[in-house]
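Residue-level listing of the chains:
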Amino acid sequence: MKIAISGGAGFIGTNVAASHIKKGDKVIIFDNLSRAGTKQNLDWLLSQGNFVFVKGDIRNDKKLLATFKKYKPDLIYHLAAQTTMVTSVTNPREDFEINALGTFNVLEALRKGAPKACLLYSSTNKVYGEMTDIPVAEKKKRYNYRNLKGVSENYPLNFAGPYGCSKGTGDQYIIDYARIFGLNTIVFRQSGIYGPHQFGIEEQGWLAWFTNALLFDKPVTIFGDGKQVRDVLYIDDLISAFNLAFKNIKKTRGRAYNIGGGPKFSLSIWELFEILEKLANKKFNYKFGSWRPGDQKIYISDISQAKKEFGFEPKISPKQGVKKLHNWISQNKTLIKKAGVFKK
């Protein structure tokens, strides 16, 4: 198969690209290499096998269309994005141009250049907003939902903050292009994805950020009280979800799915600290900061729709996954330093 990946040198993109290179697929990576770690990821991918690299930006609609027309991909992963709420507040125009207009450009390139292809879109749980109406119980080390296992796709959308608005715009356009133009598009509202080749920073990629900080002896700030909870999903399980959704495209096209670890695989910051401190045999140096705007006290995906419609079931527990991430960072410290993760 021919696989095109926007943001193919990012964390998820690199892992997706490697999995397809391994299968012998022809992989086309479309990336502007603007994010820390992308150049290092691209170098690593070169050691995995052959692929085509197109240096391009999803804000450039002409280059996207030319790429899709030239390579006629069978499957497109749209992973390129501005990924932090903090950046979206400091530069809302850039955030909109990448996440909303960029996604529109990808859809138009699909419609005009590769209309038979399937497109998988990485959306976010932030499309549901702060969800302050859901009753939450405070425990010693975490928050729990009082009377809910997880948030389903039926929960009302409530875009909050420029990031929520821009990603939410992309999310809805992806669904609508299946409805109006008959394209094969699928939305994944992702939660807490983590794993190797993730160059976590303070604003985004929290599991990798805290692991980096502990292993490099850097102080960290806990924004809030440390009891915030997210369901977490190891990258191999996300790739498995992508593959299953693609295989079941007749059922999944035009649908949105909440994809994360679900109720079984969730962590608070304190619970992550516990796992990491045991693995590294040292303690975090931390201080507290005030809650970030739009930060949910708890978000856990109800993944039952994905299980029912294409058999998705996460296999790698947080303990196993965090250990894998810890080991990868331990073995790649030079790479992480070179990527400039700790530069302010």
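Structure first, text after, so check above.
Procedures and definitions
- Residues numbered from 1 in each chain as written.
- Predicted model: local features only at pLDDT ≥ 70, side-chain atom pairs only at ≥ 80, totals over all residues.
- Heavy atoms only, no water.
- 1 Å grid on protein atoms, 1.4 Å probe; cavity = no way out; pocket = protein on both sides within 12 Å on 5 of 7 lines; lining within 4 Å.
- Points joined across faces, edges and corners; volume = space filled by probe spheres on them.
- Nonpolar A, V, L, I, M, F, W, Y, C, P; charged D, E, K, R; others polar.
- Phe/Tyr/Trp six-rings, centres within 6.5 Å; stacked < 30°, edge-to-face > 60°.
- Helix = DSSP H or I, 4+ residues; strand = E, 2+ residues; numbered from the N terminus.
- Buried < 20%, exposed > 50% of the residue type's maximum accessible area, 1.4 Å probe, protein only.
- Lys NZ or Arg CZ within 6 Å of the ring centre and 35° of its normal.
- Pairing = 2+ DSSP bridges.

Taken as a whole, the second largest pocket holds about 260 Å³ of empty space. Around the second largest pocket, the lining is made up of 15 residues, and of these Pro263, Lys264, Ile303, Glu313 and Pro314 lie nearest the centre. The class makeup of the residues in the lining of the second largest pocket is 5 nonpolar, 5 polar and 5 charged.

With the rule as written, the count across this model stands at 20 aromatic pairs. Judged by centre distance (6.4 Å) and plane angle (15 degrees), the rings of tyrosine 128 and tyrosine 299 are stacked. Of the two residues, tyrosine 128 sits in the loop between strand E5 (118–124) and strand E6 (136–138) while tyrosine 299 sits in strand E16 (residues 298–299), which places them 171 residues apart along the sequence. Just as tyrosine 128 is buried, tyrosine 299 falls in that class too. Members of the aromatic cluster, connected to one another through ring pairs, are Phe210, Trp270, Phe273, Phe284, Tyr286 and Phe288. Directly above the ring of phenylalanine 181 sits arginine 111, whose terminal nitrogen or CZ lies 4.7 Å from the centroid. The ring of phenylalanine 342 has lysine 218 sitting right over it, with the charged end atom 5.3 Å from the ring centre.

In spatial order, the strands read E14-E11-E16; together these 3 strands make up an open sheet with mixed pairing. A strand with exactly one partner marks an edge of an open sheet, and here the two such strands are strand E14 (266–268) and E16. When strand E11 (residues 229–231) meets E14, the two strands line up antiparallel, connected through 3 bridges. Within E14, the position partnered with arginine 230 by the bridge is leucine 267.

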